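Tertiary structure, described
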Amino acid sequence: MELLPAELRAIEPEMVALRRRIHSNPELGFQEHETAALVAERLQGWGYEVHRGVGGTGVVGVLRGSPGPRTLGLRADLDALPINESTGLPWASRKPGLMHACGHDGHTATLLAAARVLGHTRAFDGTLNLIFQPAEEGLGGAQAMLDDGLFERFPCERLYAFHNAPGYAVGLFGFRPGVMYSSSDTAIITVHGVGGHGAMPHRAVDPILAASHLVIALQSIVSREIDPNELAIVTVGAFLAGAAPNVIPPSAELRLTVRARSEVVRAKLRDRITAVAEQQAAVHGARAEVDYRWRYPVTINEREATRFAEGLARELVGEGGLIADLPPGLPSDDFGLMLQRVPGCYFVVGNGIGKGVGEGGCEAHNPGFDFNDAILAPTAGYFVALARRWLQA
Ligand SMILES: [Zn+2]
Ligand SMILES: [Zn+2]
């Protein structure tokens, strides 16, 4: 097998143009109507059975090779971010305040390129499910697809996806068995006091003072209650309270992001944040109300599925073209929810290390980011090889 078969090289310019077209027309999560329509149209044209509206704006393309029991899922994400693009590239966003700053345009176009080659030859046995997921950026698109019966309707024995990785050499494949990305949850803590006159604090219950003690107390959870060998983060990212110097407000609000690399630590953080908030508020005669939002779980790569993917990459790009044991990353991704249902692997492909526009080294979610088109065809070639290898009778 080769990474870049002639059929893929032939369509590369067209698929890069398609990536740029998607880039210039970014859409936020669950609003990817035009992107989803484009994906659906293309898949249909290449002979896929197309299911639209899966989990909102999601699309699933099903392709059957020779009859066989094997099944495989490949997933890409569709959505953009509320960021004002600053790249100045000819294909930059045409929508002020919206941008493909995470490279999901590239993930989508890459999977489409693989879809086209696989649809043309159908040289495999069994069923291939291509999953185009909406709303990865914090809005819960994976959960929406799961709630819509994704894996009941489109059973998959194995599941794979990739994310581009700025800061790694162009086209370098990166794998990591086990914990890949951390969980990401949100806690909104409202501290209810009793509002009053700033000059008569004894007749009020000051929620700002109570919440201030709470910010400090929360920091002791990670430092004193979590095994130092584990990773945990509790960040108070917002503290909202009051408006006037002489008024004690009735309430204060804290907004937290909470990260972990194991589900046990994740659950403990939830329990302790809730207890510390309630009891710390009570010290001051205030009352804390905790709205804890479970968002993205720990993304865990199943070992066997990872070994399989990594072995294939080694065959295609050689030892020097991959990293077999990436350091665990701090981002989070709701692909982790899908990997809770189906064994699989989330791998990365280096987007480049150069800092110039288009050189791929700019961090994602930055207004200067762009997906590196140089990795589109090789990654599509890898997906094609992965599908053909797994879907072998
Ligand atoms: Zn992102
Ligand atoms: Zn992303």
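Here is a short report on the structure shown in this document. (Residues numbered from 1 in each chain as written. Chains lettered and ligands numbered in written order. Predicted model: local features only at pLDDT ≥ 70, side-chain atom pairs only at ≥ 80, totals over all residues. Heavy atoms only, no water.)

1. Let's talk about the nonpolar core
Core analysis: the biggest nonpolar cluster contains 58 residues, and Leu43, Tyr48, Leu128, Phe132, Phe347 and Tyr382 have the highest contact counts within it. For this core, the element with the most residues is helix α10 (residues 376-390), which contributes nine residues. Discounting residues that sit within four places of it in the chain, Phe132 has contacts with Val39, Leu43, Gly58, Val59, Ala76, Leu78, Thr108, Leu111, Leu112 and Met145. Ala187, Val205, Ile273 and Val276 belong to the second-largest nonpolar core, a separate cluster that totals 27 residues. (Core = buried A, V, L, I, M, F, W, Y, C linked by side-chain atoms within 4.5 Å. Buried < 20%, exposed > 50% of the residue type's maximum accessible area, 1.4 Å probe, protein only. Helix = DSSP H or I, 4+ residues; strand = E, 2+ residues; numbered from the N terminus. Contact = heavy atoms within 4.5 Å.)

2. A closer look at the coordination of the zinc ion (ligand 2)
Those protein atoms acting as donors to the zinc ion (ligand 2) are Cys102 (SG), His104 (NE2) and His163 (NE2), and they sit at 2.1 to 2.3 Å. Counting residues between consecutive donors of the zinc ion (ligand 2) along the chain gives the motif C-x1-H-x58-H. Separation of the zinc ion (ligand 2) from the zinc ion (ligand 1) amounts to 3.2 Å, with Cys102 serving as a shared donor to the pair. Of the two residues, Cys102 sits in the loop between β3 (66-77) and α3 (104-121) while His163 sits in strand β5 (residues 158-166), which places them 61 residues apart along the sequence. Looking at Cys102, the relative accessible area reads 7%, which means it is buried. (Donors = N, O, S within 2.8 Å, 3.2 Å for Na, K, Ca; no water.)

3. Re the packing of α3 against α10
Between α3 and α10, the shortest axis-to-axis distance is 8 Å and the interhelical angle comes to 45°. The angle between the axes of α3 and α10 places the two elements in the oblique class. Viewed along their axes, α3 and α10 form a crossing whose handedness is right-handed. Residues Ala109, Thr110, Leu111, Ala113, Ala114, Val117, Leu118 and Thr121 of α3 form the contact with α10, whose own contacting residues are Leu376, Thr379, Ala380, Phe383, Val384, Ala387 and Arg388. Taken together, the residues of the contact of α3 with α10 sort by class into 11 nonpolar, three polar and one charged. (Axes fitted to C-alpha atoms, helices over the stretch in contact; angles between N-to-C directions. Parallel < 35°, antiparallel > 145°, perpendicular 65-115°, else oblique. Left-handed = near helix turned anticlockwise from the far one by under 90°. Nonpolar A, V, L, I, M, F, W, Y, C, P; charged D, E, K, R; others polar.)

4. Focus: the sheet that holds strand β8 (residues 184-192)
Read across the open sheet, the four strands follow the order β10-β12-β8-β13; overall the sheet is antiparallel. Of all strands in the sheet, those bounded by a partner on one side alone are β10 (232-241) and β13 (287-296). Each strand axis lies, on average, 20° off the axis of its neighbour in the sheet, ignoring direction. (Pairing = 2+ DSSP bridges.)

5. Re the packing of aromatic side chains
According to the stated counting rule, one finds 12 aromatic pairs in the structure shown. For the pair Phe162 and Phe347, a centre-to-centre distance of 6.2 Å together with 25° between the ring planes defines the contact as stacked. With a gap of 185 residues between them, Phe162 in strand β5 and Phe347 in strand β16 (residues 344-352) connect regions that are remote in the sequence. With respect to burial, Phe162 and Phe347 carry one shared label: buried. Taken together, a centroid distance of 6.5 Å and an interplanar angle of 55° make the contact between Phe175 and Tyr382 tilted. A residue pair is termed long-range when its members are at least 10 positions apart, and Phe175 in the loop between β6 (173-174) and β7 (178-181) and Tyr382 in helix α10 qualify at 207 residues. (Phe/Tyr/Trp six-rings, centres within 6.5 Å; stacked < 30°, edge-to-face > 60°.)

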